[in-house]
Amino acid sequence: MNIQWYPGHMTKTRRMIAEQIKHMDAVCEILDARIPISSRNPDVDELTAGKPRLVVLNRVDQADPDSTAKWASYFKGKGYAVLESDAKSGQGTARFAAAVRELLADKIRAYEEKGQNRVIRVMILGIPNVGKSTFINRIAGRKTAKTEDRPGVTRAKQWVPIDKNLELLDTPGILWPKFEDQSVGLNLAYTGAVKDDILDTETLGCHLMAYLGQRYPQALSAAYKLPDIPEREDEENDVAWGYRLLETAGRKRGFLISGGDVDTERMAKILLDEFRSGKLGRFTLELPEGV
C-alpha cells in the first residue's frame with residue numbers, strides 16, 4: 001500500500017521556514033505521541049539549523065503511557081526539552097511558556113545583563129493534523145489558529161503573542177515528498193495526517209487490525225467484545241489476517257449486508273474513527289530503537 005501526499009503549498013511552506021528560521025530563538029516541534037518518529041518531518045533538522053528545540057509529545061491521552069515515558073527519555077537524550085500534552089483538554093499546555101524560558105535561560109540572562117528586554121520568538125512546527133493549532137490556541141488562551149480534525153487546514157504563517165515577552169510563529173503543517181518506509185505512511189494514515197480520500201479505507205483498516213491484533217489483542221477483544229481473536233495462520237500476510245479480524249468485529253457489531261456477508265468497509269471506517277478519537281484505547285505504534 002503506497003501512500004504519498006504532498007500538496008503544492010507544502011513546498012512554499014518549506015521555503016518560508018528556511019527564510020524565517022534566522023529570526024527565531026527556538027523551535028517547538030509538535031509530534032503525535034502515538035507515532036513520534038513517523039510524525040517527525042526528517043527535513044526539520046536541516047531546516048532549523050541547530051536552533052534550541054522543545055519537543056511536544058501531543059495526544060498523550062491516546063498513547064500508551066509506558067511508551068510515552070520511553071519516548072520522552074529518548075528525546076531528552078538527544079538534548080531536546082520535552083513537554084507531554086493533550087491539547088484538547090489542555091493537559092500540559094500551561095507549562096509551555098516556562099519550558100521555553102528554561103530552554104533559553106542562558107540567552108535570556110544574557111539579554112537581561114545587557115539591559116535588553118527582548119521578545120522571545122519561537123517557531124511552531126508540525127505535520128498536518130498533529131494538533132498544532134489546538135495546542136497554540138490553548139497556550140494563547142484564545143482562538144488564534146483555525147482548527148479542524150483533518151489535515152492541511154492551516155495554509156499561511158501567523159504571529160501569535162503569548163505574553164509581552166513571548167511570540168509564536170505558527171506555520172502550516174508540512175510532510176516530506178516521499179515516505180521511504182511503508183510503515184511511516186501507514187502510521188500517518190491511521191492517525192489522519194494524510195487525507196482519507198487518497199486511500200483505500202478497507203485495506204488501511206486491514207493493516208491496522210493486524211497491527212492491533214499482534215500488539216494489543218486484549219484491547220481489541222475488549223473494544224469489540226470478542227471472546228477469541230482469530231489466530232494468524234502460517235504465511236498469512238497483514239491484509240489477509242486483518243480482513244478476517246475486520247469480519248469478526250463487523251459481525252459482532254451486526255454490520256451485515258445482503259447474503260449475510262459482513263460490511264467490512266463500514267467496519268474499517270468505524271475502526272479508524274474509534275482509533276483516531278481514542279475511543280478504542282491508548283496505543284503507541286512505534287518505539288525508540290533498541291526498546
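Presented here is a report on the structure given in the accompanying data block. Within every chain, residues take consecutive numbers counted from 1 along the sequence as written. Where totals are concerned, whole chains, interfaces and linings use all residues; where local detail is concerned, this predicted model gives features only for residues with pLDDT of at least 70, and gives and counts side-chain atom pairs only at 80 or more. Based on all heavy atoms of the structure, the side-chain values leave hydrogens and waters out of the count.

Things to note about the packing of helix α8 (residues 201-215) against helix α11 (residues 264-277)
- Here an axis means a line fitted to C-alpha atoms, over the contact stretch when the element is a helix, while the angle between two N-to-C directions is reported on a 0 to 180 degree scale. Note on conventions: DSSP H or I runs of at least 4 residues are helices, E runs of at least 2 residues are strands, and numbering of each starts at the N terminus. For the pair α8 and α11, interaxial distance at closest approach is 8 Å and the crossing angle is 60 degrees. Overall, the two elements α8 and α11 adopt an arrangement that is oblique. The two elements α8 and α11 meet at a crossing, and its hand is left-handed. Listed contacts from α11 to Thr201, Glu202, Leu204, Gly205, Leu208, Met209 and Leu212 of α8 are Thr264, Glu265, Ala268, Lys269, Leu271, Leu272, Phe275 and Arg276.
- Under the scheme applied, nonpolar residues are Ala, Val, Leu, Ile, Met, Phe, Trp, Tyr, Cys and Pro; charged residues are Asp, Glu, Lys and Arg; polar residues are all the others, including Gly. In the contact of α8 with α11, the residues fall into 8 nonpolar, 3 polar and 4 charged. An angle below 35 degrees is treated as roughly parallel, one above 145 as roughly antiparallel, one from 65 to 115 as roughly perpendicular, and anything else as oblique. Throughout, a crossing is termed right-handed when the near helix is turned clockwise from the far one, and left-handed when it is turned anticlockwise from it by less than a right angle. Any two residues having at least one pair of non-hydrogen atoms within 4.5 Å are treated as being in contact.

Points about empty space enclosed by the protein
- With a 1 Å grid laid over protein atoms only, a set of points is called a cavity when a 1.4 Å probe fits there but cannot get out and a pocket when it is open yet has protein on both sides within 12 Å along at least five of seven lines; lining residues have an atom within 4 Å of a point. Grid points are joined across faces, edges and corners, and a volume is the space filled by probe spheres set on the points. Enumeration over the complete set of coordinates arrives at 1 cavity of 30 Å³ or more.
- Taken as a whole, the largest cavity holds about 50 Å³ of empty space.
- Lining the largest cavity, in full, are Ile17, Glu29, Ile30, Ser39, Asn41, Val44, Leu125, Gly126, Ile127, Pro172 and Ile174.
- Partitioned by chemical class, the residues of the lining of the largest cavity number 7 nonpolar, 3 polar and 1 charged.

Structural notes on the pairing of strand β1 (residues 26-32)
- The rule is simple: take the accessible area with a 1.4 Å probe, protein chains only, and divide by the maximum for that residue type; under 20% is buried, over 50% is exposed, in between is partly exposed. Where burial is concerned, most of β1 is hidden: 7 out of the 7 residues are buried.
- Residues Ala26, Cys28, Ile30 and Asp32 of β1 are buried on one face, and the alternating residues Val27, Glu29 and Leu31, pointing to the opposite face, are buried as well.
- Both β1 and strand β4 (residues 120-125) contribute to a ladder of 4 bridges, which runs parallel. Counted as the bridge partner of Val27 is Met123 from β4.
- Strands are treated as partners if at least two bridges between them are detected by DSSP. Pairing between β1 and strand β2 (residues 53-58): 6 bridges, direction parallel. Within β2, the position partnered with Glu29 by the bridge is Val55.

Digging into the packing of aromatic side chains
- Any pair of Phe, Tyr and Trp rings, taking the six-membered ring for Trp, is counted once the centres come within 6.5 Å. Such a pair is stacked with planes under 30 degrees apart, edge-to-face with planes over 60 apart, and tilted for the rest. Under the defined criterion, the tally for this structure stands at 7 aromatic pairs.
- A centroid spacing of 5.2 Å and a plane angle of 85 degrees characterise the contact between Trp71 and Tyr74, whose relative ring orientation is edge-to-face. You can see Trp71 and its partner Tyr74 sitting in helix α3 (residues 65-77), 3 residues apart, about one turn around the helix.
- Between Phe75 and Tyr80, the ring centres sit 6.5 Å apart and the planes meet at 25 degrees, which makes this aromatic pair stacked. With respect to class, Phe75 is no different from Tyr80; both count as buried.
- Looking at Arg121, its charged tip hangs above the ring of Trp159, at a distance of 5.8 Å from the centre. Any Lys NZ or Arg CZ found within 6 Å of a ring centre and within 35 degrees of that ring's normal is scored as a charge over the ring.

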